[in-house]
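# Reading the structure
Below, each chain spelled out in residue letters.
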Amino acid sequence: MMKKGVLISNDVSTQKMAEDALKKRTHDLSERIKALNCLYGITDLVEKPGILWEEILQGTVDLIPSSWQYHEITFGRIVFEGQEYKTANFNKTDWAESSDIIMHGNIVGAVEVYYLKKKPTIDKGPFLKEERRLINAIAERLGKIAERKRAEEELQSINEFYQSILESIIEGVWVTDKDDKIYYVNSGMGIIAGIPVEQIVGAYVLKDFPENIFEYFRPYYLKTKETLHPLYYYAVPIVTPKGRQSYQSGWLIPRLKEGRFDGMICTAKDVTEDKMAEEAMKRQLMKYNLEDGSLYLIQEPIPALSMEAFKDLLKVGYRGVVISRTPEEKFIKNIDGDVKFFWMSESDEENALSSKLKDIQFKLEKLPHRTTILIDRLDYLVFKNGFNETLSFVQRLRELAYLARHVVLLSVDPSTFDKQELRLLEKEAVEVEPMHKVKMSEKLFVILKFVYGQNNRGIKPAHKDVVLEVGISRPTVRKRIRQLVFAGYLDEVLNGNCKVLGLTDKGKILLLK
């Protein structure tokens, strides 16, 4: 019987232990579920659209009581940067635990839990170790949320700051994405375009506008997209969507992502009035009609007309660059203005420039916008590099002139090229024309052209030379020369016993028709 009693006792004891273990596991599982519900509840709060930080803190503190084992006597409080958020009927007691809220390494507050009355000591006072882990987790999570919220607020503040700047400036700003679709336009751009910004946003810059609007602007956009380097454009003619002819200047700044094109930031300033005033000044001060972004071919034995055109541009404020085979002291002694001279030479002189085309192009690419460039002795470059390579260089130079709004003057001695070569060069350039064209009879023009040709060779012809050239009588030649002198196209100077003839600036301009 005793053995049987012992067995019964052992069975009861084992069952009791199993029940206690089950209760403990159930209790632990219940506490874990409460902790998870608390943390999930915080996540739900954070994910509510438009919820304020203060509402997150109050909502979190309201989750605390139900997450502790003695929920009916549990109170919570969160202190954050001097502000308190408490449960209803909060009461501060001696039975408490807390965890610091840390943001960017600094203590900015604390999560606190209080019991209304004393409870048996368990792990740390009346609180479970799971509750200690939970309060630490709440504090840690609030610290991370606070960091993110603060960063979002600062970012929002920065965005609003820059948005206010963009909307207050009078210059236009528009931004495209990687597919060239416009997704932002400021009010300044709307004013320049003459239409509401809503009609611009969503358009594809390269295909949704009529050809005449972006005809001259499109090469700048494509060049920037290709090179991925910022590009400044100056006084580019653009027809606004409203149909107004304008001139605009600004920057094209590519946006990059992992080294690839990800869109464009574009600025625009309406410079129409400035451009019109500049053109008016050119008409008053300049002898030749020279347009920004153009390459001109001037066929002459020596750089005479090209020098006149070069000085014309210096007179209205252009910077000047000369590239010549002739030494500097002989070339630009009569030039006034901001001029940089490069001597095509293989020497070690300070201003020497190699005849290698890539070296010349590199130098020209570094020039500021709107520079007038005079290149003399293209035949020397052909001799050093060959005609085909030199022609390719001229083609690249034409593109550079267009994009940087340079005026390039190529002085070419036609006797150093054959007809085919000259035709190919002429296709890449335009002719220089006088600002104000003057009509003249062919009889007078023949004399003027003969004198010009002789002057370019360093010869001042006499009346008898003209007689031999044109094949008419001396009295008739004398009469026609007097007409040209009276009109200001020729100068007569006594040289010994005879008068010799020289072309005036006015005569040179006329010959550029």
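In what follows, the accompanying structure is described. In this text the structure is predicted, and so the values were computed from the model without any measurement.

## Re helix α11 (residues 378-385)
Of the positions making up α11, those classed as buried are Leu378, Asp379, Tyr380, Leu381 and Val382. Just beyond α11, the residue with positive phi is Gly386, at close to 90°.

## Some thoughts on the packing of helix α14 (residues 442-456) against helix α15 (residues 463-470)
Relative to each other, α14 and α15 sit at 120°, their axes nearing to 11 Å. Judged by the angle between their axes, α14 and α15 are oblique. The element α14 and its partner α15 pack so that their crossing is right-handed. When α14 is examined against α15, the residues Val446, Ile447 and Phe450 are found in contact with a partner set consisting of Asp465, Val466, Glu469 and Val470. Classifying every residue of the contact of α14 with α15 gives 5 nonpolar, no polar and 2 charged.

## Brief notes about the packing of aromatic side chains
The tally for this structure, following the rule as stated, stands at 13 aromatic pairs. With a centroid separation of 5.5 Å and 75° between ring planes, the pair formed by Tyr70 and Tyr115 is classed as edge-to-face. Placement of the pair is Tyr70 in the loop between α2 (53-63) and β1 (74-80) and Tyr115 in strand β4 (residues 106-115), with a sequence separation of 45 residues. Residue Tyr70 is classed as buried on the basis of its relative accessible area of 18%. Assessed through its relative accessible area of 0%, Tyr115 is described here as buried.

## Describing the pairing of strand β16 (residues 407-412)
Taken across its 6 residues, β16 has 6 buried, putting it largely inside the fold. Burial along β16 is two-sided: Val407, Leu409 and Ser411 and Val408, Leu410 and Val412, pointing in opposite directions, are all buried. Bridge count for strand β11 (residues 294-299) against β16 is 6 bridges, and the pairing is parallel. The residue of β16 that forms the bridge with Tyr296 is Leu409. As judged from the 5 bridges shared by strand β15 (residues 371-376) and β16, these two strands associate in the parallel manner.

## Here's the deal with the sheet that holds strand β14 (residues 352-353)
Here 6 strands make up an open sheet; going across it, the order is β11-β16-β15-β12-β13-β14 and the pairing parallel. For this open sheet the edge positions go to β11 and β14, each flanked by a neighbour on one side alone. Relative to β14, strand β13 (residues 339-344) is paired through 2 bridges, and the arrangement is parallel. Across the sheet, Trp343 pairs through a bridge with Ala352, a residue of β14. The sheet contacts of α11 involve β13, β15 and β16, and relative to β16 the element is tilted by about 80°.

## A look at the side chain of Thr504
Along the polypeptide, Thr504 turns up in the loop between β19 (498-503) and α17 (505-510). Once you skip the residues sitting within four places of it in the chain, Thr504 turns out to touch Gly488, Tyr489, Leu490 and Asp491.

## Quick look at the environment of Glu426
By secondary structure assignment, the location of Glu426 is in helix α13 (residues 419-427). Considering only alpha carbons, one finds Glu426 and Tyr296, 130 residues apart in sequence, at a separation of 8.7 Å. Setting aside its immediate chain neighbours within four residues, Glu426 contacts Leu297 and Gln299.

Rules used throughout
Residues numbered from 1 in each chain as written. Predicted model: local features only at pLDDT ≥ 70, side-chain atom pairs only at ≥ 80, totals over all residues. Heavy atoms only, no water. Buried < 20%, exposed > 50% of the residue type's maximum accessible area, 1.4 Å probe, protein only. Helix = DSSP H or I, 4+ residues; strand = E, 2+ residues; numbered from the N terminus. Axes fitted to C-alpha atoms, helices over the stretch in contact; angles between N-to-C directions. Parallel < 35°, antiparallel > 145°, perpendicular 65-115°, else oblique. Left-handed = near helix turned anticlockwise from the far one by under 90°. Contact = heavy atoms within 4.5 Å. Nonpolar A, V, L, I, M, F, W, Y, C, P; charged D, E, K, R; others polar. Phe/Tyr/Trp six-rings, centres within 6.5 Å; stacked < 30°, edge-to-face > 60°. Pairing = 2+ DSSP bridges.

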